[in-house]
Amino acid sequence: MKAFRSSFAGFVVAVVVVAVPAASWARTEIQFWHALQAVLGERTQELATKFNATQKDYEVKAIFKGSYPETLNAAIAAYRAKQPPHVVQVYEVGTQTMLSSGAVYPVYQLMKDNGIAIDWNDLIGPVKTYYSQGGNLSSMAFNSSTPILYYNKDHFKKAGLPDKAPATWDEVEAMAKKLQAAGVKCPASSGWPSWVLVENMHAWHDQPFADHSNGFDGLATTLSINGAFGVKMMDLLARGVKEGWFTYHGRLNKAEANMGAGECGIFMTSSAYIGNLTRVSEGKFTWGTGFLPRMAGFPQGNSIIGGATLWVLKGAKADDYKGVAQFFKHIASTENQAWWAGITGYLPISNAAVKAMEASGVYQKNPHLKTSVNQMTSGKTTPNSQGIRLGNYASIRDAIEEQMELIFSGKKTSKQGLDDAVAKSREILKEFAALYK
């Protein structure tokens, strides 16, 4: 990690110009590493292809590098080999690592240096807040999402339930038990266990996740997930697993395969799952969406964003950066933002894009795309719900999910497991802080 911070060298693409007409000159190649696959990967490639067709000076090479953690690790390895990409997509978990690395060319500075005006104030609040320092955007907003609730309408009908998403955890439990009684294999479940069930549940109920305003006011030193709310939330889920109305299907987005196969009645995961679920469920089952469920007795917060942004790495040629800036201008256009959000389920990153989608009838045709927007605009952004910015965040998420698995298997109580997650995370945060003294 020290090496990652110290000398992020530029990756120079050699463009050989020979004595032939300008029209046949080679384009400057822009390396763009990303972590999106399946439907989302196809749309990412389409976005790059559309940009390449608009001009003849640059060619963006959109290269899939694996999962989010794998893509970040690949960028670190490439840096150490002094051949990093120009642009790398990093999930929100890696934000503090990138900010502390010293390797980043801030996007607001990139655009300013290349004379391209972007109305940063038009960005939706949660996105701008999460990825800014001192009010200036550090990385290019790209694929921001937030978790929402999905439900299988066919299973609801079979269980005699109304065609309506549960709004509270009491309703989730009651409905899941009816689904269970009706023979539904997976009454309730969730993808991204820590992100949805711990991180977002704390934010959604205006509860602190970590000290120093979840890392926004300084490097966090400890988590706060072992308080009254965290224990109550985990007790509920552990009881659901024991009684059979809640099913744990593993880490990351593995549980999405179960929802996509039509096994789950109630399911929570990223809003970006809309595109893939639309494809895999076609002709098989119908589904609806709703807000994340709330637990009684706690204040209203907001859900927090996930997904990723595009980080520009230092060390490339000035002309290369002109191409990166032009590509980002292409991504940020209202037209492309409305198209991207409408085809994927990610949040439109600008208010102008939201208005464009309203005006074109996108939300009327597919109201599921508006669920995440409505959820975020109905919430209350506080120091507890503005987001989470931790060093070595991926390792912390692993530590939390390891303890969740021990709790769900009955090997630890909720309190014991969460205490142990906090203790492990404290060591991880301490190690990160030691790198940046």
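Our structure's up above, just so we're on the same page.
Criteria and cut-off values
Residues numbered from 1 in each chain as written. Predicted model: local features only at pLDDT ≥ 70, side-chain atom pairs only at ≥ 80, totals over all residues. Heavy atoms only, no water. Helix = DSSP H or I, 4+ residues; strand = E, 2+ residues; numbered from the N terminus. Rg over C-alpha atoms; globule rule 2.2 N^0.38 Å. Buried < 20%, exposed > 50% of the residue type's maximum accessible area, 1.4 Å probe, protein only. Contact = heavy atoms within 4.5 Å. Areas by Shrake-Rupley, 256 points an atom, 1.4 Å probe, with all protein chains shown as cover. Lys, Arg positive; Asp, Glu negative; His and termini not counted. Charge placed at Lys NZ, Arg CZ, Asp CG, Glu CD. Pairing = 2+ DSSP bridges. Core = buried A, V, L, I, M, F, W, Y, C linked by side-chain atoms within 4.5 Å. Polar contact = N/O pair within 3.5 Å; in protein donor to acceptor, adjacent residues only side chain to side chain.

(A) Seen up close, the overall build of the protein. When its secondary structure is counted, the protein shows 20 helices and eleven strands. Over its C-alpha trace the protein gives a radius of gyration of 22 Å, about what one expects of a compact globule, namely 22 Å for 437 residues. Each principal axis of the C-alpha distribution contributes one length, and for the protein these read about 75 × 50 × 35 Å. Classification of the 437 residues of the protein by burial places 57% in the buried group. Put simply, 79% of the contacts in the protein that link residues at least 6 apart link residues at least 24 apart. When the accessible surface of the protein is totalled, it reaches about 17500 Å², and 52% of it is carbon and sulfur. Treating the 44 positive side-chain charges of the protein as one cloud and the 36 negative ones as another, the clouds have centres 1 Å apart.

(B) Spotlight on the pairing of strand β7 (residues 147-152). When you tally the buried positions in β7, you get six out of six residues, the bulk of the element. On β7, burial covers both faces: P147, L149 and Y151 on one face and I148, Y150 and N152 on the other are all buried. As defined by bridge partners, β7 adjoins strand β9 (residues 264-270) across five bridges and the pair is classed as antiparallel. Across the sheet, L149 pairs through a bridge with M268, a residue of β9.

(C) Here's a closer look at the nonpolar core. Formed by 135 residues in total, the largest nonpolar core has its most connected members in W169, F328 and L390. Among all residues touching W169, those that are not within four sequence positions of it are L197, M201, M233, L236, L237, M268, P293, R294 and M295.

(D) Seen up close, the side chain of E199. Mapping E199 onto the fold places it in helix α9 (residues 193-204). For E199, a relative accessible area of 0% translates into the label buried. A polar side-chain atom of E199 sits 2.6 Å from a polar atom in the side chain of S194. Excluding anything up to four places from it in sequence, E199 contacts S194, F209, I304, I388, Y393 and R397.

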